[in-house]
Amino acid sequence: MNPRYITKKLTTYKAYGTIIAAVVFVARLNAATPKAGQNFELDAIAACYVGGSAVTGGIGTVIGAVVGGLFIGVLNVRPLLKKKKR
């Protein structure tokens, strides 16, 4: 018996179990709606470009995309933080 093989298999089964549990949990909470991610397409594309992905493709990193997403998220929240004048 190979311990690495068994560990890899158990980790895979644990991940599948977690995915199934998450889907059941979201379904029972009625938290997922068909319109949940509507109008976020441009934000996702902009986050990838800000993170360093090339327009032609093939160049870029996951870390860069995450940093770009955080940057775009900060830009989207900023107008909400402004105080309204009375």
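Residues numbered from 1 in each chain as written. Predicted model: local features only at pLDDT ≥ 70, side-chain atom pairs only at ≥ 80, totals over all residues. Heavy atoms only, no water.

So what's going on with the overall build of the protein? Residues and values would help.
Of the regular secondary structure elements, the protein holds three helices and zero strands. The order of helices and strands in the protein, counted from the N terminus, is α-α-α. Buried positions account for 5% of the 86 residues belonging to the protein. Of the accessible surface of the protein, which amounts to about 8100 Å², a share of 67% is contributed by carbon and sulfur atoms. (Helix = DSSP H or I, 4+ residues; strand = E, 2+ residues; numbered from the N terminus. Buried < 20%, exposed > 50% of the residue type's maximum accessible area, 1.4 Å probe, protein only. Areas by Shrake-Rupley, 256 points an atom, 1.4 Å probe, with all protein chains shown as cover.)

Quick one: what's the story with helix H1 (residues 3-29), residue by residue and with numbers?
Between its first and last C-alpha atoms H1 spans 39 Å; for 27 residues at 1.5 Å apiece the expected length is 39 Å, and the two agree. Structurally, the start of H1 carries an N-cap: the backbone nitrogen of Arg4 is 3.3 Å from a side-chain oxygen of Asn2. Following H1 by one or two positions, Asn30 adopts a phi angle in the positive range, close to 55°. (Expected span 1.5 Å × (residues − 1). Polar contact = N/O pair within 3.5 Å; in protein donor to acceptor, adjacent residues only side chain to side chain.)

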